[in-house]
Amino acid sequence: MGIDFISAEFDVVRDDARCTRCRVCEKQCANGVHAYDEKNRRMTADETKCVNCQRCVAFCPTRAIKIVRNPNTFRDNANWTASVVNEIYKQASKPGVLLSSMGAPKNLPVYFDRILINASQVTNPPIDPLREPMETRVFLGKKPEKIRRRPDGRLDCALEPQLELALPILFSGMSYGSVSYNVHKALATAARETGTLYNTGEGGLHKDFYAYGANTIVQVASGRFGVHKDYLEAGAAIEIKMGQGAKPGIGGHLTGAKVSGDVSATRMIPEGSDAISPAPHHDIYSIEDLRQLVYSLKEATAYKKPVIVKVAAVHNIAAIASGIARSGADIIAIDGYRGGTGAAPTRIRDNVGIPIELALAAVDQRLRDEGIRNNVSLIVSGSIRTAADVVKAVALGADACAIGTAALLAMGCRLCRSCHTGKCNWGIATQDPALVARLNPDIAARRLINLLTAWNREIKELMGGMGINSIEALRGNRLMLRGVGLNEKELEILGIAHAGE
Amino acid sequence: MLQKEGQVRIPSGCAIAAVISKTGEKIGGEKIVAGIRTMHERSNGLGGGFAGYGIYPDYKDFYALHVFYDDNGARTDCENALKDLFEIVKAENIPTRKNPAIKDAPLIWRYFVAPLPSRVAAMQIDEREFVARAVTRINSTFRGAYIFSSGKNTGTFKAVGFPEEVADFYRLEDYAGYSWTAHGRYPTNTPGWWGGAHPFSLLDWSVVHNGEISSYDTNRRFIEMFGYKCHLKTDTEVITYIFDYLVRRQGMTLREASSVVAAPFWTTIARKPEEEQRELTYIRNMFSGLLITGPFSIVLGFSGGLLALNDRLKLRSMVVAEKGNTTYIASEEAAIRAMEPDLDSIRSPMGGEPVIVTVNKGVLEDGN
Ligand code: SF4
Ligand code: SF4
């Protein structure tokens, strides 16, 4: 109260006539917003604790609750917005770095929304995906410059290790620790069922999930948590995480509170200790060091697994990607400015990095200009929200897209952006056993499968409309895209024409 | 068999026709004209052209360059550049006759040239690569000069007009070769200009194509990584480069190259024997950027043969017929019947099924 008081962001509006005092909302809210007032026999709410996760709204049997924006405001000011002012109050009260989670919510241009897709009319026919085969299978990995022949003259079909995906979508890295056991289980199940891969993130691989290895990308991040020989061998591919779109240039921090039991065992660190990944890999201060790590990992796994290098989209991304493409890596994963996170310093999340659309376009073009596009495949993420985003990304030049936030949404996440508190009411970004139990991994897996199946259908519809019946003929097909409301520079970087041209 | 009902009237329908004698007998230019003329309705007068093989027996060891010039200044500049790279054994105007329908003709020249061995050696590349690079460089950097034919013992003749008018203009009846291809154009996405007419040629490759491919930019951006420049922005150009890249530079067979551009569906591959599955999967994976989607029927001409290929869904008509040792290919059966009314057989190849016809071994003097 007083000088430190920050007015609640939301109001909890309860229709008292509808409320039956069943107290479901009270049980569902890990933030302790709802309480029962015995004396007056009515529900109360402490809206200052509300993060608007919509859990109570979704579970109230009489639909009595609405969470609305608190109409209380400061005097209007386009420069000193309420969030800026409140953040100053918070930091004046405690000298801390502000933390946030999920992708940057700022109102910057979303280029995907300013790109439109083509369709066939008259001069060539659209293709009906219900009648004709429509192919979305993707291979990720290096393609050699020249074909080779065996002594008998037939093609020598040996290639460096490749990943085969039934559709151009993977799940992004989300560590066990930042998300729950059940989330990993659901992701692994869905990846296996749909013919794609999920990604361990930097928290190691729980022993129960080694069985899903063929559908797993194991990550090696700067903290090296949970990295050992069996782990590297367990996955279909190894990802070196150099950076992440939500927090380029910094490492990670999983608070000790989340490092409980299995999380600590999987990460191979003591229970309750903070898991801090340093900003750089301390063995990679330069591109030639990266090359050494790439080859160490390949050596350790007998050159049987493709190595992915994941980087955040930063200003110089084209040159960085070009360096990675020559480092021996098989795949580059680029994570854009809007990429999600379980926890990141707010200032970094909201102000560092560049949008994935521009990064992807620049990288794809640079690699082609240098004639090395076939050295690597490109996975992009941060943020891919719909099948249309996937189609646009592929047409800009991506081989595949990775989804994190969209996958969490499918599992129930309401984008309340409070993952860093560890009290996710949807059982996703939490290690609290009672909350974890809220997410049924079988149902969550089913929902993920539904989502990917639906997106794949939509991708096929969009492709068919363009008269394209195989995803490889869409990759880099920028003629299929037009910009709306973009300036010349933006169009030039995206390598597309304006609508009407 | 035959083309599907309704396709003939599709307004983007170009017309293609080809003929080849497997025994290497000379076929006069008038024969192919008879075929393509029948399909007048499939063109709109904005482009027509022909490629003949075996038409320059007296100069068969030299690259025959056909060049359009905007003016004599462009010619002088280009000839200077050519002299720097080649020995020019003959330079002449390509003979033409006035045709009221053919207007705005550029200067049209023909050169028989041999690359200067010292220049080829200095670049450490083979002769054909040398010629290909020279052509690409001149076409992309010299204003007002455009080399539209560059093979040995072969030549392309094209213009803005209906194909039969173009044939009359170039006096096609004065040439005879063992194979011919022809094209009538109905352009929808590029303006009708002389260089944009078909066939498109590079070295001894020539391509005539009917269709509008939906994979164009994917194909273009892939192939441009390997030194090709698609300045015409036509499907035909990129298809020619793709075959040049796959066959000449990668050393693939025509059949393998066909599996790249008109790859079998994964479901089809899954039904093949294991060894073939492996090869087809490898081919699709390796050259995924060269898969061509959308409608096309093409005839690819090369020294000693022709390849005819449809897109994998067969979205464009194309028929192949035989009579004795001669094979005929055309968008419509009517065109074939106009060349040869009495046929031994006629069929419509499946989508993605390459039809490769080559002149019998030893028949051609140049050893093809
Ligand atoms: S869940 Fe709904 S009905 Fe139950 S106590 Fe809360 S507001 Fe009332
Ligand atoms: S995962 Fe949970 S805490 Fe994070 S945004 Fe979604 S609902 Fe909120």
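Here the structure is a predicted model, which means the values were calculated and not measured.

Q: Mind showing me how you'd approach the overall build of chain B here?
A: When helices and strands are counted, chain B shows 11 helices and 18 strands. Here the C-alpha radius of gyration of chain B, 19 Å, is about what a compact globule of 368 residues would show, namely 21 Å. Taken across its 368 residues, chain B has 64% of its residues classed as buried. For chain B, the share of sequence-separated contacts (at least 6 apart) that also reach a separation of at least 24 residues comes to 74%. Looking at charge distribution, chain B has the averaged site of its 42 positive side-chain charges lying 3 Å from that of its 44 negative ones.

Q: Please explain a nonpolar patch on the surface as it appears in this structure.
A: Taken together, A:F74, A:W80, A:I88 and A:Y89 make up a surface patch of nonpolar side chains, about 390 Å² in accessible area. Structurally, A:W80 can be placed in the loop between strand 4 (65-69) and helix 3 (82-93).

Q: Where do I start with the site of ligand 1 in this structure?
A: Taken together, 13 residues are adjacent to ligand 1, and A:R14, A:C19, A:C22, A:C25 and A:C60 come closest. Taken together, the residues of the shell around ligand 1 break down into 8 nonpolar, 2 polar and 3 charged.

Q: What exactly am I supposed to notice about empty space enclosed by the protein here?
A: Over the atoms, a rolling probe the size of a water molecule traces out where space has been left empty. Per the stated rule, a full pass over the model turns up 8 cavities of 30 Å³ or more. Approximately 250 Å³ is the volume attributed to the largest cavity. Lining the largest cavity are 23 residues, with A:K143, A:D399, A:R475, B:S288 and B:G289 positioned closest to its centre. Secondary structure elements with two or more residues in the lining of the largest cavity: strand 7 (138-140) of chain A together with helix 6 (216-223) and helix 10 (274-286) of chain B. The greatest single-element share of the lining of the largest cavity, amounting to 3 residues, is contributed by helix 10 of chain B.

Q: Honestly, the domain arrangement of chain A in this entry has me stumped. Any pointers?
A: Quite often, the size of an interface is put as the accessible area lost when its parts meet. All names here are of chain A. One can read the domain layout of chain A as domain 1 (2-73) and domain 2 (168-498). Across the contact, 12 residues belong to domain 1 and 8 residues belong to domain 2. The junction of domain 1 with domain 2 conceals about 880 Å² of combined surface from both sides, 51% of it contributed by carbon and sulfur atoms. Per-residue buried area on domain 1 facing domain 2 is highest for A30, C53 and R55; these three make up 53% of the total on that side. Taken together, the connections running from domain 1 to domain 2 amount to 5 residue pairs in polar contact (both at pLDDT 80 or more). Where the side of domain 1 that touches domain 2 is concerned, the elements lending two or more residues are helix 1 (24-28) and helix 2 (55-59). With 3 residues, helix 2 is the single largest residue contributor to the side of domain 1 that touches domain 2.

How each quantity is defined
Residues numbered from 1 in each chain as written. Chains lettered and ligands numbered in written order. Predicted model: local features only at pLDDT ≥ 70, side-chain atom pairs only at ≥ 80, totals over all residues. Heavy atoms only, no water. Helix = DSSP H or I, 4+ residues; strand = E, 2+ residues; numbered from the N terminus. Rg over C-alpha atoms; globule rule 2.2 N^0.38 Å. Buried < 20%, exposed > 50% of the residue type's maximum accessible area, 1.4 Å probe, protein only. Contact = heavy atoms within 4.5 Å. Lys, Arg positive; Asp, Glu negative; His and termini not counted. Charge placed at Lys NZ, Arg CZ, Asp CG, Glu CD. Patch = residues over 30% accessible without salt bridge, like charges linked within 9 Å, V, L, I, M, F, W, Y side chains within 5 Å. Areas by Shrake-Rupley, 256 points an atom, 1.4 Å probe, with all protein chains shown as cover. Salt bridge = Lys/Arg side-chain N within 4 Å of Asp/Glu carboxyl O. Near = heavy atom within 4 Å. Nonpolar A, V, L, I, M, F, W, Y, C, P; charged D, E, K, R; others polar. 1 Å grid on protein atoms, 1.4 Å probe; cavity = no way out; pocket = protein on both sides within 12 Å on 5 of 7 lines; lining within 4 Å. Points joined across faces, edges and corners; volume = space filled by probe spheres on them. Domains from an automatic or database assignment. Buried area = accessible area lost by both parts, 1.4 Å probe. Polar contact = N/O pair within 3.5 Å; in protein donor to acceptor, adjacent residues only side chain to side chain.

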